[in-house]
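# Examining the three-dimensional arrangement
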Amino acid sequence: MITAHELTPAVTPAGQAAMAAALADFERRYPAYARTAVLDDMRARDYSRLDATGHVYLDYTGGGLYADSQLARHRDLLARAVFGNPHSQNVPSREATARVEATRAQILEFFRASPEEYEVIFTPNATGALRLVGESYPFGPGGRYLLTFDNHNSVNGIRQFARAKGASVSYVPLAPADLRVSEETLARHLAAAAPVRRRLARRSGLATGNLFAFPAQSNFSGVQHPLAWIAWAQAAGYDVLLDAAAFVPTNRLDLSRWHPDYVSLSFYKIFGYPTGIGALLVRRPALARLRRPWYAGGTITFSSVRAEATPGGGFYLTPGPAGFEDGTVNYLGIPAVGIGLDHISSVGVETVHTRVTCLTGWLLEALGALRHSNGAPVVRIYGPAGTGRRGATIAMNFFDPSGVLIDSVRVERRANIAGISLRSGCHCNPGVREVALGFSAKEMAAAFKDKDRLRYEEFLQVIDGKTTGAARASLGLVTTFADVYRFWQFAGGFRDVPSDALGA
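Report on the accompanying structure. (Residues numbered from 1 in each chain as written. Predicted model: local features only at pLDDT ≥ 70, side-chain atom pairs only at ≥ 80, totals over all residues. Heavy atoms only, no water.)

## Quick word on the overall build of the protein chain
Our working rule: Runs of H or I in DSSP of at least four residues are treated as helices and runs of E of at least two as strands, each being numbered from the N terminus. Accessible area is worked out with a 1.4 Å probe on protein chains only. A residue is then buried under 20% of its type maximum, exposed over 50%, and partly exposed in between. For this analysis, residues touch if any pair of their heavy atoms sits within 4.5 Å. Working definition of accessibility: Shrake-Rupley area with a 1.4 Å probe, residue cover restricted to the visible protein chains.
Within the protein chain, the regular secondary structure consists of 20 helices and 16 strands. Taken over 504 residues, the protein chain has a buried fraction of 51%. Long-range contacts, defined here as pairs at least 24 residues apart, represent 73% of the contacts in the protein chain between residues at least 6 apart. About 22100 Å² of surface is accessible on the protein chain, with carbon and sulfur atoms providing 56% of the total.

In structure tokens:
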């Protein structure tokens, strides 16, 4: 039985001195860190529960943490006002509508997006935003869905809509060494469909589209793909879908500089609360190209049962964002989004970016230097070894002195006991996982060959060994040097320990 005492370094005078020395060396090597002291004040004031419980939270890519002040402001707002369903004209309904519309405007301002160019559609999360694009985009024969190997499953899933409508699906591969995309390879993929797009555009009445999708930051490896690709793809005749969910918590997305057609995000990833609200930021011309395959309450101005079989279908879709917001929006939760944006703006996204870049640089070096007594590495990091064009998400696997991979689930269990929150698995990003771990197309295809004739339990046995993932540590808003230092100490606990001695 492993105890927390065994995994958590004792707080001794010698241990405190070692950490103080490490901190002094860190501050000397990363002088920009001193400019982020406001975040230490914020942590002490608004996130004291972390230090009170001795908890190290390193799963910010999974979900941000909320501040005490966010909860208090939202509670006070609800306590002193009366809000009603926005689909009405009574006073509480008008008040709710005003709050929702004010939050839309605040979101555009936060991302520096012109209201003349962009609209905000509220969704349950980033996945909901991506589904809206997938189901409504004008895919068709001759059209193409192009995406990188490095994408969340919610982006991969759009290929089902594309293929169902007769469009082709193509993936741009990654280089195994750093899990980046070769820009020469991307240029070839983009150019391949340009002549087809031009021919289709000349055909009267055809609305088939080409869509290119990529993440601003990988939720697996932390790789940041160039936003310059947006204009490249648009020049080649593509609409561009940018998955910004992992990028925006610690980076500035300036939509006055970059102009993707569709942007998906979840607000809880940025500031923790509320959950269950995301958004699709969409350029007005790109919104006009979307066609919903159904309608629902909240999305229509008028509908008829008697006229359902007549031209026009017996319904009139509400113009603009409301035509894509099914049912009643979360009108009590949406004002909390504005409160969260205020919270981040009070310190500035750039300050958060500076802090996590410094901490990520130190942690990458410290983990890379860990060695067993025989010289073998303790940790293998997937993706870039430095902070250039990468975010504060680090995917890794641990190895014993003989080079045996230690299952990331076992690593996560030990981290839990030590009071450290990591994440294990493939992180809903199978393409980059398969490239990083060296799974071939043949191996993966074999796992799915007979899936329709297998019970789920039998299918799990077939894919056993092909689901291996990685441990992921991700830094965020109130991560401190003490947090990453404790994780480095935890990682050092794997030195010279055989895999079979670690327990389950």
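## Description of the pattern of salt bridges
Heads up, the condition is: Here, a salt bridge means any Lys or Arg side-chain nitrogen found within 4 Å of an Asp or Glu carboxyl oxygen.
Applying the stated rule across the entire model yields 26 salt bridges. Two residues, Asp68 and Arg49, come together in a salt bridge whose shortest N-O distance is 3.2 Å. In this pair, Asp68 is assigned in helix H5 (residues 68-80) and Arg49 in helix H4 (residues 48-53), connecting sequence segments 19 residues apart. Residue Asp68 is classed as partly exposed on the basis of its relative accessible area of 35%. With relative accessibility at 30%, the residue Arg49 sits in the partly exposed group. Where Arg99 meets Glu95, a salt bridge forms, and the shortest distance between an N and an O atom there is 3.4 Å. With Arg99 and Glu95 both in helix H6 (residues 91-110), this residue pair falls four residues apart, about one helical turn. By relative accessible area, which is 32% here, Arg99 ends up partly exposed. Overlapping salt bridges, with partners in common, bring together Glu117, Asp239, Asp261, Arg283 and Arg289 in one network.

## Some thoughts on the packing of aromatic side chains
Aromatic rings in a pair are described by how distant their centres are and how their planes are angled relative to each other. So the rule is basically this: Aromatic pairing here means that ring centres of Phe, Tyr or Trp (its six-membered ring) are within 6.5 Å. Orientation follows from the plane angle: under 30 degrees is stacked, over 60 is edge-to-face, and everything else is tilted. Each ring is checked for a lysine NZ or an arginine CZ that lies within 6 Å of its centre and within 35 degrees of its normal; such an atom marks a charge sitting over the ring.
This model, assessed by the stated rule, comprises 21 aromatic pairs. Between Phe26 and Tyr30 the ring centres are 5.2 Å apart and the planes differ by 35 degrees, which places this aromatic pair in the tilted class. Each of the two residues, Phe26 as well as Tyr30, counts as buried. Note on Phe26 and Tyr33: the rings are 4.8 Å apart at their centroids and 70 degrees apart in plane angle, and the pair reads as edge-to-face. Here Phe26 and Tyr33 have matching classes, each one buried. Clustering of aromatic rings is evident, with ring pairs tying together Phe26, Tyr30, Tyr33, Trp362, Phe481, Tyr485 and Trp488. In this structure, Arg49 is placed above the aromatic ring of Tyr66, and the distance from its NZ or CZ to the ring centre is 4.4 Å.

## Brief notes about the nonpolar core
Cut-off, in case you're wondering: By convention a nonpolar core is built from buried Ala, Val, Leu, Ile, Met, Phe, Trp, Tyr and Cys residues, the set being connected through side-chain atoms within 4.5 Å.
The biggest cluster of nonpolar side chains holds 109 residues, and the ones touching the most others in it are Phe111, Leu253, Leu281, Phe398 and Phe487. Here this core takes ten residues from helix H15 (residues 349-368), the largest share from any one element. Here Leu281 is in contact with Ile107, Phe111, Tyr118, Glu119, Val120, Leu255, Asp261, Tyr262, Val263 and Leu265, once residues within four sequence places are set aside.

## As for the packing of helix H3 (residues 37-46) against H15
Heads up, the rule is: In this description, a line fitted to the C-alpha atoms serves as the axis of each element, helices being fitted only across the stretch in contact, and the angle between N-to-C directions of two axes falls anywhere from 0 to 180 degrees. With respect to orientation, any angle under 35 degrees is reported as roughly parallel, any angle over 145 as roughly antiparallel, any angle of 65 to 115 as roughly perpendicular, and every other angle as oblique. All residues other than Ala, Val, Leu, Ile, Met, Phe, Trp, Tyr, Cys, Pro, Asp, Glu, Lys and Arg, Gly among them, are scored as polar; the first ten of these are nonpolar and the last four charged.
At their nearest, the axes of H3 and H15 sit 9 Å apart, and the two run at 95 degrees to each other. Between H3 and H15, the angle is such that the two are roughly perpendicular. Side by side, H3 and H15 meet where Ala37, Val38, Leu39 and Asp40 of the first sit next to Thr351, Val352 and Arg355 of the second. When grouped by side-chain class, the residues that make up the contact of H3 with H15 number four nonpolar, one polar and two charged.

## Things to note about unusual backbone geometry
The linkage connecting Tyr273 with the following residue, Pro274, adopts the cis geometry, with an omega of 5 degrees. Assignment of secondary structure puts Pro274 in the loop between helix H12 (268-271) and strand S8 (278-283). Located in the positive-phi region is Arg389, a residue other than glycine, with phi close to 50 degrees. Secondary-structure assignment places Arg389 in the loop between strand S11 (379-382) and strand S12 (393-399).

By themselves, these figures tell us nothing about what the structure is for.
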